[in-house]
4 protein chains.
Amino acid sequence: MRILKMGQTGGGIGAFIGEVHRKAARMDGYVQVTAGAFDINPERSLEQGKILGLDPKRVYTDYKTMLKAESALPKGERVDFISICTPNFTHFPIAKACLEAGFNVMCEKPMTMNRQEAEELQKLVKKTGLTFGLLHTYTGYPMVKLAKDMVKAGDLGKIRKVVVQYPQGWLGQLAATMPLKAAWRTDPKQSGASCCIGDIGTHAANLAEYITGLKITSVLADLSTYLGGKLDDNGDVLLRFEKGVKGVLVASQVSSGEENALRIRVYGDKRSLYWNQEDPCYLHVISDTEPEQVWKRGNAYVAAKSPAAGRCTRTPSGHPEAFLEAFANHYKNFTDTIRAKELKKKPTELELDFPSVADGVRGMKFIEAVVASSKKGNVWTKV
Amino acid sequence: MRILKMGQTGGGIGAFIGEVHRKAARMDGYVQVTAGAFDINPERSLEQGKILGLDPKRVYTDYKTMLKAESALPKGERVDFISICTPNFTHFPIAKACLEAGFNVMCEKPMTMNRQEAEELQKLVKKTGLTFGLLHTYTGYPMVKLAKDMVKAGDLGKIRKVVVQYPQGWLGQLAATMPLKAAWRTDPKQSGASCCIGDIGTHAANLAEYITGLKITSVLADLSTYLGGKLDDNGDVLLRFEKGVKGVLVASQVSSGEENALRIRVYGDKRSLYWNQEDPCYLHVISDTEPEQVWKRGNAYVAAKSPAAGRCTRTPSGHPEAFLEAFANHYKNFTDTIRAKELKKKPTELELDFPSVADGVRGMKFIEAVVASSKKGNVWTKV
Amino acid sequence: MRILKMGQTGGGIGAFIGEVHRKAARMDGYVQVTAGAFDINPERSLEQGKILGLDPKRVYTDYKTMLKAESALPKGERVDFISICTPNFTHFPIAKACLEAGFNVMCEKPMTMNRQEAEELQKLVKKTGLTFGLLHTYTGYPMVKLAKDMVKAGDLGKIRKVVVQYPQGWLGQLAATMPLKAAWRTDPKQSGASCCIGDIGTHAANLAEYITGLKITSVLADLSTYLGGKLDDNGDVLLRFEKGVKGVLVASQVSSGEENALRIRVYGDKRSLYWNQEDPCYLHVISDTEPEQVWKRGNAYVAAKSPAAGRCTRTPSGHPEAFLEAFANHYKNFTDTIRAKELKKKPTELELDFPSVADGVRGMKFIEAVVASSKKGNVWTKV
Amino acid sequence: MRILKMGQTGGGIGAFIGEVHRKAARMDGYVQVTAGAFDINPERSLEQGKILGLDPKRVYTDYKTMLKAESALPKGERVDFISICTPNFTHFPIAKACLEAGFNVMCEKPMTMNRQEAEELQKLVKKTGLTFGLLHTYTGYPMVKLAKDMVKAGDLGKIRKVVVQYPQGWLGQLAATMPLKAAWRTDPKQSGASCCIGDIGTHAANLAEYITGLKITSVLADLSTYLGGKLDDNGDVLLRFEKGVKGVLVASQVSSGEENALRIRVYGDKRSLYWNQEDPCYLHVISDTEPEQVWKRGNAYVAAKSPAAGRCTRTPSGHPEAFLEAFANHYKNFTDTIRAKELKKKPTELELDFPSVADGVRGMKFIEAVVASSKKGNVWTKV
């Protein structure tokens, strides 16, 4: 398998998510970080390049220079894709420029600042035929893939209702200790129309749509701002999905003591399922007539039910996998798709199982609808 | 301590909740079932009386006869209170008649069929000075009492948000297997304006108000009818409490596989708490800066923090107590209040710690507001 | 169903286990406490009788007087059985006297102080044909009954191994705070040959034998005395059962922070099971080839698998039952057995499902073997 | 930070643990796989080298050739350390040859086939001054490091007892489905004197010694062979540690349905702790007088209590880390130690926090004592 070369924007020294992208991309040994514009400060960018063992010539200070220089390299030598890990408001221009320069893109979330930009990217992806991935981490977990396949196989019967919660406490804590650093999150110019819904509500919505295979069609949202910022730090949303399915989405960044508690329950008329990101190796299936089943990552019966889950499993059962591995699964499928296209093969459904530009568009529509609903006084608003 | 004599309406052979009332009332040995109108069928009523070892003279076929006959007995011999366990729509007339006849009342939930009746009962309780209890079971759990006392002591800081869920699956299951029996639940004439919210949503609301000490001031509700009955079988409600606290209440009787999963999370700006009725001996307290604490029923540190919890504990830690004991705690405090009044003492706050006629009025207001909100198209409605 | 009359020895004011016996016996309404020798102090005994609403004539100061007086009452009026809740070292003489006077006996554990006494009682029970129950509480839990029935049905395949743990911390805590009160537990004259193994190790052994249907044939024990008493406060035991099954039993009263953590794992060659007394409504079944199953108390599928469990269930699924109900289940089956015999019927297997004098003999043999093994330097010793 | 070059023996295509070593070594980006003798089949070795993007010149067919060729390369170009992932019986000769050729070694467990070899390696490490790591994975978990630091800080008071369990079911399953492949595990020539104790019992013993800081001084073991192999597949061991601490170790590879359930409880006279490898981000601390505390990975309070845990944390709280990260932590500290020595600095205690040759010697002594104890009829045997 060809080792793909990855360029990165952002991910300088001390940047958390940029490092996660590198760890995830490199995990299976088929991606090599080869170039990067890690920091707008040239010395810090070079320093990061040095730490990563890069050729200094391929360490840049901005994405424009990087795109120009990499484009000039012969194919096979230049980077195969670019991972965008810069601040949120730069995702769109950088992604656009990468696509226009002919590079595949793996983009950190949120994809853009608004729906118009998202749709523009979507068109560009379609036009260029390039591969575009978006880091909605949580659908990378194998037990989430199993959940999706169970729903698809009809194990739950007809879906009735979805309850998805994503409470965190850190923003409240941050506000209590270092108000400034929290600021960009709640600055519309840097974060777009929403903080809590944009940052984590979209993850919850994406997870619900991924597992059920159903689109959210309208929302009735009640956003709150507990911490005095300019944007919401808490959002409670009633949902309507396709096919008459209802739902509730509860997101919060001020729920003291909650860590990253993305939890979903999908209720069907035969069975229901429960998954909790903080205990990710287990999928619980309940019914009124049978004992609860706890499906455990890494077992043959999981792979038999869900090839997508089986494929995204690196260690035997009982040897837990977690966040980084979920992240890596998206890189795995994303790069396998690039490789397939390179070989003029049509990527398989399993290879294409990573969040796409379409998910990014969905996310922006969701944010827009939620914010509009809340502003209009908590009324039903189409997505 | 004087053993109180209990009369019962309902609770005939095979009636689940009537038997629970008897077990709970008798648990501590200070209540004796002495009389009853267990069944409208005279033979079945007598048979139940026989099973309970009652004097056949004190087994009646209807509450009117019972009230008349018991009133005629000398004080000390006649029943001290009447436990109402008949079908929902009869609670009000029976309770009213009992109070008018001078009997204390322990009433199964729902108290009445609507708000007007509830307020009428409330006036009657006030006027008569009699003791009136309502069986909102779940505030009888010692760890719920501890939760209340933690909030009161400020351990959570300022409350921000409440998320309370009460999913069950049984109505869906029942509808699938025996449609007729499910019918009374969804018949407005027998169940009032709501099924799911009336039956379990009020428990959830009552629990939230009890723990936080805050009233729900308005609701925005989305009721559903999945099973084709005349009343809601699922309800999702956005909440506003006093003091700017927000909340979400999710109730359902069609959540396949859920048993009786009343779960509450109360989020404060310092700490948050979590309690789950199906694992009732543990109260979880989380914060951003300390390890999670799991408070465990029966320990000295629980009683030290919450005398109300300590008082309602029968077995040492690790020897779990559960539903019947929670139920019994309400009987304990209810009967202690009757005894205190009998001795012309003012009942203490601890003795008065059982759901009252005021909770019944709150419940009816809550149902009314929720139903109205949903009918008007999911708009904010004052409670 | 005839309400049986219960006499009690012990269970005076403030006595924990005596009160538990009364609550359990009365729970289903088919037992009435009618007589008692609650305390050797006549005033305190009378006071307890008064609290319980007893006729003062039937409140005694010692069991001998009680037996004589009750025997003199006409059948139907005198007590049907006697519940022995006095200090451990009195169990044998009281039980013996009760049997000799023709009374059925429910005896708190331990049955006797040694094996000889136990075997003497066993002979007496056989000779008199009376009903004798022993309060090994934990086999009263419905999920333990389910476990037994699963093993019996072959669901686990051939049993390979049993690991049973029973750690508590209270004795260490007690020793730290009130050394004197702890003393009787560690006084051989009052507690017999063992403290920890006698008090809780026998529960663990009994649970293992009950679920597997296999007898422990030999033991290799390592007893410890951490707190400086005269008897063991900790015991770790290797086990051999019939049919080549091996096991480990870990018991402790000095495991700080443990409450009453009786936990058992039974491993078969097809499946294995796990049950934890502190979370008693759930039975976990695991295998190498299927998802874990969590069987939940109160469901139809439990009763279908285990009529013994179904029969010992009072509330619907999700409405947890716990320690007192487990205790009550033994009283239920014990009294049903008495009733069956009264009607000249052979008690059914379900009615006979309560710990018997044979379990008491097993317990004494187990203690003897464990103590001997430890004294001889941790060598294999036959039970 | 200098990127270290890693050579590998074993880890060919399809080899599970070799791939885990590579993932773990590469995780933080400071190790590059540069050379390898992946397979004795030259074509398969080359193929693996190709997959890994290696220079074919540095892909070898056996460790002797690799050591010779790498030694011939200039410093800075040749590998910095060799990761040994070949079958168990080859660990010793390869490790010895590596050390003699001047290469640092990270060795997969078990270190050797017996105690003599282990002590020989220990001498060689001492003599050469090279860095030697051994992959006892489980002490790499941050919450295990926290546990160690809690014990060290006296939070548990005086340690009384350790109960460590390590049940697995896979060998039973394997034997049921593909007897041949299971064979090497139970072949003394390939696996040494023990299967179950050698493979997983040593992990459990190592974990207990690491957390408590106490050595196991003697053992009384009962080994079993359920599956008919030549070596034990189950072992139950009574333990004596230094300072009068007692313990129980339960290990099994025939516990159907168990995955990799390494669980440890350490009981002190003030507090006790519990950790479970299958739920690795949480450390439970219990006491008789306080609520249970659940310490959660990634929080500031963890790093404050245990710098060793803080240092081995890559993602924020609530973003779980698991097996691969624990593995990577050993590589991190191992390579930091190499780098420190390279810079002529004394490695810090934190850098030296990885299993060493001394742990390997302890492991061999433990196996020897356990096997001897069991053979002699389950008698106490010094370690």
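Treat the numbers as computed from the prediction; the structure is a model and nothing was measured.

(A) How the structure looks around the pattern of salt bridges. Overall, the coordinates contain 100 salt bridges over all chains when judged by the stated rule. Across the pair Glu349 of chain C and Lys152 of chain C runs a salt bridge whose closest N-O atoms are separated by 3.1 Å. Here Glu349 of chain C, found in the loop between helix H13 (323-342) and helix H14 (357-375), pairs with Lys152 of chain C, found in helix H6 (residues 142-152); they are 197 residues apart in sequence, far enough to count as distant. For the pair Glu349 of chain C and Lys152 of chain C, a shared accessibility class is recorded, and that class is exposed. We note a salt bridge from Lys96 of chain D to Glu120 of chain D, for which the minimum N-O separation is 3.3 Å.

(B) Just the relation of the copies chain C and chain A, in detail. Of the transformation placing chain C onto chain A, the axial shift is 0.0 Å and the rotation is 180°, giving an RMSD of 0.0 Å. Each copy turns onto its partner about a two-fold axis. Considering only C-alpha atoms, the part of chain C nearest the rotation axis is Gln293 of chain C, at 2.3 Å. When the interface residues of chain C are mapped onto chain A, 100% of them again fall at the interface, so both copies present the same face.

(C) Representation of the interface of chain A and chain B. The partner chain B presents 44 residues to the 44 residues of chain A that form the contact. It is Arg160, Ser256 and Asp288 of chain A that lose the most area in chain A upon contact with chain B, and together they represent 19% of the buried surface on that side. Run the count over chain A and chain B and you get eight salt bridges. Asp222 of chain B serves as the salt-bridge partner of Arg240 of chain A, at 2.8 Å between the closest nitrogen and oxygen. Counting across the chain A and chain B interface gives 30 residue pairs in polar contact (both at pLDDT 80 or more). Here the residues of the side of chain A that touches chain B sort into 15 nonpolar, 16 polar and 13 charged.

(D) Spatial organisation of the relation of the copies chain A and chain B. For the pair chain A and chain B, the best superposition has an RMSD of 0.0 Å and corresponds to a rotation of 180° with a translation of 0.0 Å parallel to the axis. When you check the interface residues of chain A against chain B, 100% turn up at the interface there too, and the contact is symmetric in its surfaces.

(E) Region of interest: the sheet that holds strand E5 (residues 132-134) of chain B. Residue and element names in this part refer to chain B. Taken in spatial order, the five strands line up as E2-E1-E3-E4-E5 in an open sheet, and their pairing is parallel. Only two strands of the sheet have a single partner each, and these edge strands are strand E2 (31-37) and E5. Neighbour to neighbour, the strand axes of the sheet diverge by 20° on average, direction disregarded. Strand direction decides the pairing type here: strand E3 (residues 81-85) and strand E4 (residues 104-107), joined by four bridges, are parallel. Paired with Ile82 across the two strands is Val105, which belongs to E4. Contacting strand E1 (4-10), E2 and E3, helix H1 (residues 16-26) runs over the sheet at an angle of about 175° to E1.

Here is what the cut-offs are and how they apply
- Residues numbered from 1 in each chain as written.
- Chains lettered and ligands numbered in written order.
- Predicted model: local features only at pLDDT ≥ 70, side-chain atom pairs only at ≥ 80, totals over all residues.
- Heavy atoms only, no water.
- Salt bridge = Lys/Arg side-chain N within 4 Å of Asp/Glu carboxyl O.
- Helix = DSSP H or I, 4+ residues; strand = E, 2+ residues; numbered from the N terminus.
- Buried < 20%, exposed > 50% of the residue type's maximum accessible area, 1.4 Å probe, protein only.
- Least-squares fit on C-alpha atoms with pLDDT ≥ 70 in both.
- Contact = heavy atoms within 4.5 Å.
- Buried area = accessible area lost by both parts, 1.4 Å probe.
- Polar contact = N/O pair within 3.5 Å; in protein donor to acceptor, adjacent residues only side chain to side chain.
- Nonpolar A, V, L, I, M, F, W, Y, C, P; charged D, E, K, R; others polar.
- Pairing = 2+ DSSP bridges.
- Axes fitted to C-alpha atoms, helices over the stretch in contact; angles between N-to-C directions.

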